[in-house]
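# Fold and geometry: a report
Okay, here's what each chain looks like letter by letter:
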Amino acid sequence: MVEDSDDFGHVPVLLDRCVELLTPALRRRHSDGSGAVLVDATVGAGGHAERFLTELPGLRLIGLDRDPGALDIAGARLARFSDRVTLVHTRYDGIAGALTESGCAADESVDGILFDLGVSSMQLDRPERGFAYAQDAPLDMRMDPSSPLTAADILNTYDQADLAEILHRYGEERFARRIAAQIVRQRARTPFTSTAQLVELLYQAIPAPARRTGGHPAKRTFQALRVAVNDELDTLRRALPAALDALDVAGRIVVLAYQSLEDRIVKRVFADAVASRTPVDLPVELPGHEPLFRSLTHGAERADAAEIERNPRSAAVRLRALQRIGRGEA
C-alpha cells in the first residue's frame, strides 16, 4: 500500500496495471461497469478506487480499511461518488461481513477484488503512529488505533523467547536472539516508550559489520513488530480464501504485496487455487474437478524503472492476479 504524495497525500502503486487487469471483469455486463461490484479490500486513501469510479460511472465500490483515519481520507476523496461507494471499518479478512453490511445478497458475488497490502505512506509519514524508525515517536504501530496491543506492549511484556521468535519469523532478523536478550535487559531498567529508544538499542545489539549492509539496522525489527501488532500474516491467510470464495465466475482478484512474507502467502494460496482438483494418481482430468482459477500473471510482476523513479517506494511491490473460471469452493 506504499504510496507517494498527491493532493490527498498518496499516489497508488501500479495503478495502470491494476486497471488493465480488473477492468475486463468489471465491464463484462455493461461497458460503464453497471451491475459490477469491486471490493477494494485495503482502500487506504482511495487512490485506486478513485480511478475505477471515474472510468466506470456505473460501478459500485465497497472499500474496506482497518484504519479509521484512512477511511476519513478516502471518504473525502470519493465524496463525489458517494451514491456508489460504501466504506466499511474492518480488516480485510472481514470481507464476507463487509459484503453483508454493504447490502449484498447472500448469493451475490463480486466481479473484482483488489488488495494493496502493508503499511501506507500516510501511516509511515505520521510520526505519532510509530511506524517509522527515522523519527522519534511513541511505540504504537497499530493500523487500527482502537486495537489493544501496541509495539510497546510487546517489547515490555513478552518473554525473551517469544520476542526472539517474533523478530525471526516476522522480520527474518538473523540477530533475533541477541536483540531479544538486550531488550529484556534494558526494559528491566527502563520500559520502552519511544521508537528512538528501540533504534538506539538496535545499533548497540547488531554487530557493526552487519549494520553496514542490508539497509537500516532497525528495518527488520520494526517490520516484525508491526506485523505482530496488526496480526498481518494470519489476517492475510484468512482473507485470501474468503476473497476467492466471494468472486463470481469471470471475476478477477489482484494483490499487491511489498515484503516477501506476504508474497509467499499470496503465491501459495494462488498456486493452490489454480491447481487441478483431480487426484494426482489419475491420468485424466475428472469432470467437475477442473481448476477453478487461472493465473493472469507469470509469477510476480514488478514496477518498472519509470515508476520506481517517480515513486521509489514502489520498488518493493510484487503483483499477482487470478481469474475465476469455474464454480465451487476455492
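Residues numbered from 1 in each chain as written. Predicted model: local features only at pLDDT ≥ 70, side-chain atom pairs only at ≥ 80, totals over all residues. Heavy atoms only, no water.

Right, let's get into the environment of Ala196. Structurally, the position occupied by Ala196 is in helix H9 (residues 195–205). Ala196 gets classed as partly exposed once you look at its relative accessible area, which sits at 34%. Considering only alpha carbons, one finds Ala196 and Leu139, 57 residues apart in sequence, at a separation of 9.0 Å. (Helix = DSSP H or I, 4+ residues; strand = E, 2+ residues; numbered from the N terminus. Buried < 20%, exposed > 50% of the residue type's maximum accessible area, 1.4 Å probe, protein only.)

The N-to-C vectors of helix H7 (residues 160–171) and helix H8 (residues 176–189) enclose an angle of 135°; their axes lie 8 Å apart at closest approach. As the angle between them shows, H7 and H8 are arranged oblique. The two elements H7 and H8 cross, and the hand of that crossing is right-handed. Residue-level inspection shows Gln160, Leu163, Ala164, Leu167 and His168 of H7 in contact with H8, the latter providing Ala176, Arg177, Ile179, Ala180, Ala181, Ile183, Val184 and Arg187. Split into classes, the residues belonging to the contact of H7 with H8 amount to 9 nonpolar, 2 polar and 2 charged. (Axes fitted to C-alpha atoms, helices over the stretch in contact; angles between N-to-C directions. Parallel < 35°, antiparallel > 145°, perpendicular 65-115°, else oblique. Left-handed = near helix turned anticlockwise from the far one by under 90°. Contact = heavy atoms within 4.5 Å. Nonpolar A, V, L, I, M, F, W, Y, C, P; charged D, E, K, R; others polar.)

Attention now goes to the side chain of Glu50. Positionally, Glu50 belongs in helix H2 (residues 47–55). According to the relative accessible area criterion, Glu50 is buried, its value standing at 17%. Discounting chain neighbours no more than four positions away, the residues touching Glu50 are Arg77, Leu78, Arg80 and Phe81.

What follows is about the nonpolar core. The biggest cluster of nonpolar side chains holds 66 residues, and the ones touching the most others in it are Val39, Ile113, Phe115, Ile179 and Ile253. Counting residues per element, this core draws most heavily on helix H12 (residues 232–246), which supplies 7 residues. Composition of this core by domain shows at least three residues from each of domain 1 (15–116 + 232–324) and domain 2 (128–230). The contact partners of Val39, leaving out residues within four places of it in the chain, are Ile62, Leu64, Ile95, Leu99, Val110, Gly112, Ile113 and Leu114. (Core = buried A, V, L, I, M, F, W, Y, C linked by side-chain atoms within 4.5 Å. Domains from an automatic or database assignment.)

Bringing the packing of H8 against H9 into the picture now. Running from N to C, H8 and H9 cross one another at 130°; their axes reach a closest spacing of 10 Å. Between H8 and H9, the interaxial angle falls into the category oblique. Crossing geometry of H8 relative to H9 is assigned as right-handed. Counted together, Arg178, Ile179, Gln182, Ile183 and Gln186 of H8 and Gln197, Leu201, Leu202, Gln204 and Ala205 of H9 form the full contact between these two elements. Looking at the contact of H8 with H9 residue by residue, the classes come out as 5 nonpolar, 4 polar and 1 charged.

Scope: geometric values only; no functional claims are made or implied.
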